[in-house]
Amino acid sequence: MALKELRIAHVLLPDEDWDRLMLACDELGYNKSSILKNALQGYFRRNRDFYIYAGIKDAEARGISSSEHFQILRDKSEDDLPSYTRSLVLDKQDPLTLENIIAIPNDKQFRRAYNTIEISAFNFALLRVGHIVHRDSYPQMVGRMVRWHLLKNWAEAYLPQIELDKKNDYQ
């Protein structure tokens, strides 16, 4: 599977979420670039169906096949998509809204410097679908997706490893 790179100057995250990511890096062996990749992969693993649905609906609203839509988002740019021939209507609510993951102000205090996020080509296309659907900037949208991932996974997947290691025991 080919990898794609999203060049991003920063990600918008509140202190609590950034601190959790950095703790996962320090305690679990992630590096700064792999932790965001892991969070996005986890997010799309659990929410893939919504973004596939939204991509198909966006393709229909633009009058193109879902295959053509996917290939444009994967290999070209959003600007290469044709204009809408009818309104985009989504009958399902997106996971960020369902979980009330609100936008973080684009203030300097929330900007976490970043450079490149490398993800699978398929998830890259889904990320671009998300950009269309959420109408957020990439730093905002990625931050919201990472926050969703941490909300769903911190207590179950990350924290137990950290706590058990600090106890120097298996239980």
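Scroll up to find the structure.
Residues numbered from 1 in each chain as written. Predicted model: local features only at pLDDT ≥ 70, side-chain atom pairs only at ≥ 80, totals over all residues. Heavy atoms only, no water.

Trainee: Quick question: what am I supposed to make of the overall build of the chain here?
Mentor: In terms of regular secondary structure, the chain is built from six helices and four strands. Walking the chain from its N terminus toward its C terminus, one meets helices and strands in the order β-β-α-α-α-α-β-β-α-α. Its C-alpha radius of gyration of 17 Å places the chain within 12% of the 16 Å reference for a compact globule of 171 residues. Across its three principal axes, the chain shows a C-alpha extent of roughly 60 × 35 × 30 Å. The buried share among the 171 residues of the chain stands at 44%. In the chain, the share of contacts with a sequence separation of at least 24, taken over all contacts with a separation of at least 6, comes to 78%. Surface summary for the chain: the accessible area is close to 9400 Å², and the carbon and sulfur share equals 45%. (Helix = DSSP H or I, 4+ residues; strand = E, 2+ residues; numbered from the N terminus. Rg over C-alpha atoms; globule rule 2.2 N^0.38 Å. Buried < 20%, exposed > 50% of the residue type's maximum accessible area, 1.4 Å probe, protein only. Contact = heavy atoms within 4.5 Å. Areas by Shrake-Rupley, 256 points an atom, 1.4 Å probe, with all protein chains shown as cover.)

Trainee: Could you clarify how one ought to interpret unusual backbone geometry in this entry?
Mentor: Of note in the backbone geometry, N100 takes a positive phi value of approximately 55 degrees without being a glycine. Take N100: it is sitting in the loop between helix 4 (95-98) and strand 3 (111-113). In this structure, N168 is a non-glycine residue whose phi angle is positive, near 55 degrees. N168 sits in the exposed class, given a relative accessible area of 70%.

Trainee: Got a minute to help me understand helix 1 (residues 15-28) in this structure?
Mentor: Residues three or four positions apart in an α-helix share a direction because the helix packs 3.6 residues into each turn. Between its terminal C-alpha atoms helix 1 stretches 19 Å, which fits the 20 Å expected from 14 residues at 1.5 Å a residue. Along its buried surface, helix 1 packs onto helix 2 (32-62), strand 3 and helix 6 (138-167). Among the residues trailing helix 1, G29 stands out with phi positive, at a value near 90 degrees. (Expected span 1.5 Å × (residues − 1).)

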